[in-house]
Amino acid sequence: MSQTAAGRTITLEHDSKITLADIEDVAFGRARVALAAPARERLAAFRAAAERQIAANPDKRVYGLNTGFGSNFRDYVSPDELKRLQRNLIVSHCAGVGPYAPAPVARATTLLRAASLARGHSVVRPVVVETLIDMLNNAVTPAIPRHGSVSASGDLAPLSHMAAVVIGEGRVLNERGEGVPTQEFVKHAKRGFTPLELEMKEGLALNNGCQYANAWGALATAQMRRLIEAAALTTALHVQALRGAGRPFRADLHRLRAHAGSQTLARWVFELLEGYGLQDVSTDVKYAFDGRIQDPYNLRCAAQVLGPCFDLIARAEATMVAEARSVTDNPIDLNTAAESYNLDEITSGGHFHGMPVAVDAYGLLQAAGIMARLSNLRCARIVDNNRNKGLGPQMRGPNPSPAQSGLMIAEYTTAGLCNHIWALASPSHLMSLSTDSGQEDHVSMAANVAMRAHEAGEHLSRILAIEMAFASQAEHVRANNPEDKPIALGARTQLALEKVRETFPLVGEDRELTWDIEKLAEKVLSGEIAQATGYSFGRH
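Let me sum up the structure you'll find in this document. (Residues numbered from 1 in each chain as written. Predicted model: local features only at pLDDT ≥ 70, side-chain atom pairs only at ≥ 80, totals over all residues. Heavy atoms only, no water.)

A few words on the overall build of the protein chain. Of the regular secondary structure elements, the protein chain holds 20 helices and nine strands. Burial statistics for the protein chain: of 540 residues in total, 54% are counted as buried. Pairs at least 24 apart in sequence give 79% of the contacts found in the protein chain among residues at least 6 apart. Accessible surface for the protein chain amounts to roughly 22000 Å². Of this, 52% is attributable to carbon and sulfur atoms. Charge separation in the protein chain, taken as the distance between the mean sites of 55 positive and 58 negative side-chain charges, equals 3 Å. (Helix = DSSP H or I, 4+ residues; strand = E, 2+ residues; numbered from the N terminus. Buried < 20%, exposed > 50% of the residue type's maximum accessible area, 1.4 Å probe, protein only. Contact = heavy atoms within 4.5 Å. Areas by Shrake-Rupley, 256 points an atom, 1.4 Å probe, with all protein chains shown as cover. Lys, Arg positive; Asp, Glu negative; His and termini not counted. Charge placed at Lys NZ, Arg CZ, Asp CG, Glu CD.)

Below, the discussion takes up the pairing of strand β3 (residues 31-35). Of the two faces of β3, only the one carrying Ala31, Val33 and Leu35 is buried; Arg32 and Ala34 on the other face are not. Examined bridge by bridge, strand β2 (residues 7-12) and β3 share five bridges and lie parallel to one another. Its bridge partner lying in β3, Leu12 is registered against Leu35. In this fold, the crossover linking β2 to β3 by way of helix α1 (residues 20-27) has right-handed handedness. (Pairing = 2+ DSSP bridges. Right-handed = clockwise from strand over helix to strand, strands pointing away.)

Inspection of the secondary structure puts Asn137 in helix α5 (residues 126-137). By relative accessible area, Asn137 is classed as buried at 19%. One polar contact links the side chain of Asn137 to the main-chain carbonyl oxygen of Val33, over a distance of 2.8 Å. Sequence-distant contacts of Asn137, that is, excluding residues within four places in its chain, are made with Arg32 and Val33. (Polar contact = N/O pair within 3.5 Å; in protein donor to acceptor, adjacent residues only side chain to side chain.)

Within the secondary structure layout, Gln394 lies in the loop between α15 (355-382) and α16 (408-424). Residue class for Gln394 comes out buried when judged on its relative accessible area of 15%. Note: C-alpha distance between Gln394 and Ser405 (eleven residues apart in sequence) is 7.2 Å. When sequence neighbours within four positions are dropped, the list of residues in contact with Gln394 reads Val383, Ser405, Leu407 and Met408. Polar side-chain contacts of Gln394 include one of 2.9 Å to the side chain of Arg396.

All right, on to the nonpolar core then. Taken as a class, soluble globular proteins show a tendency for nonpolar side chains to be buried jointly. Grouped together as the largest cluster of nonpolar side chains are 146 residues, with contacts concentrated most on Leu12 and Met371. Sequence-distant contacts of Met371, that is, excluding residues within four places in its chain, are made with Met224, Leu227, Ile228, Ala231, Leu306, Cys309 and Leu460. Counting 18 residues, the second largest nonpolar core, distinct from the first, contains Ala49, Leu82, Leu204 and Tyr341. (Core = buried A, V, L, I, M, F, W, Y, C linked by side-chain atoms within 4.5 Å.)

Right, let's talk about helix α17 (residues 446-479) for a bit. In this model α17 runs 49 Å from its N-terminal to its C-terminal C-alpha over 34 residues, within 8% of the 50 Å that 1.5 Å per residue would give. Among the 34 residues of α17, 28 are classified as buried, and the element is accordingly described as predominantly covered. (Expected span 1.5 Å × (residues − 1).)

Here's what the structure looks like:
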């Protein structure tokens, strides 16, 4: 990777160490892509060697190079039919349905496919990788119908819709997110992209892999990395808003049950509470303050609950990054030197099977469901006049007007969203359905799982936004209630509350809340609110 005047350039090599940040930057148009010269040379050399060997051994059948695909593997394809085979493979597999995947997902898919092919084990010409890169650098984004993949043998339909654009067919997303026929788009767009005629094996190399599932999963993981930080912040905000104790988050306590995620979350919350008057006080001091010794589990056990979520997200990141650095089509070229090239080293395997992605994308769904319920519980408590320690009904203060509802329905929204996230968490990767006449008899459904994990993250950001708005309102009510005992608040949490109020103003007279919730959720999802604290979160 290198820096250019136009921004970051991500250079694909045969051993690229692509990261989540790389994937997000390309997905959202913040980085360009290039192919390293040594990788290009390697692709050209191995492709030439394969072509020479096929020409020298015309009767030799090599799966994927001169045979049919899937259950048609026994069919020999003559050299003069190979180009037709590539085109037909792509267009016949364009069978996805439903609304288009978001442009960032389509761009991430394109990047990941290019990165996999650039590793030099897929028997493609350099121009195939370069065409994918041209699409990325010139905002030629394939229109990929969202549904139709079982993620083994790879994401065939979604990747075929991407590959259709490579050959000048299919559709491209315009600025309004509409699908425009590629030929029409190319004719009018005047961008640096020229469709390509595919040759031997290149159609299969483009549509056989898990990059669509990986794209959804990687972007969902990046979201959840920021949302776990937001969840630590909302925990600290509500410990304060409900005048809870910070001592359950002490590091020495958590060393006695040394789960890595819980230790991390406890440290974050405790340090976010620095300066709070009840951050680390004795039971006697706490009891003297409000007559309570222990806080409810949604506060006191937050590190033990959110810690496993952190671990699930960390595991998902490791898996999504490993997948992004992998070769996942079939067959795979295991030759290590063009000079000693052997067709028998082109090996049919199962790297296209998406179960590794499915399992850890499901971990993201588990984390989202756990985090959503914890946040919803705190929202339900803080609007409850009997449990919110003097904030009044719906945090309308000790003398509320009967003509106002305040934040009542926002709590309902968290309940509805929490339930929706739970519904998204169906373990569909356990529900394999055989395809292709039973040849592909176990499939992963990874794309479906990863897609739902991405959606769950978006809904979770709304729940956490509402929780932050509640904490903001609670501190305002306390500050204006002369009967409320004064207590020092943490400096970092104060910075967060100020940032929250820029987007979600305090509620006085009743108003529509939807638009403020959505705007605040965007800032939660981007990490802007957590960053406003000035706390580094150890940048895991």
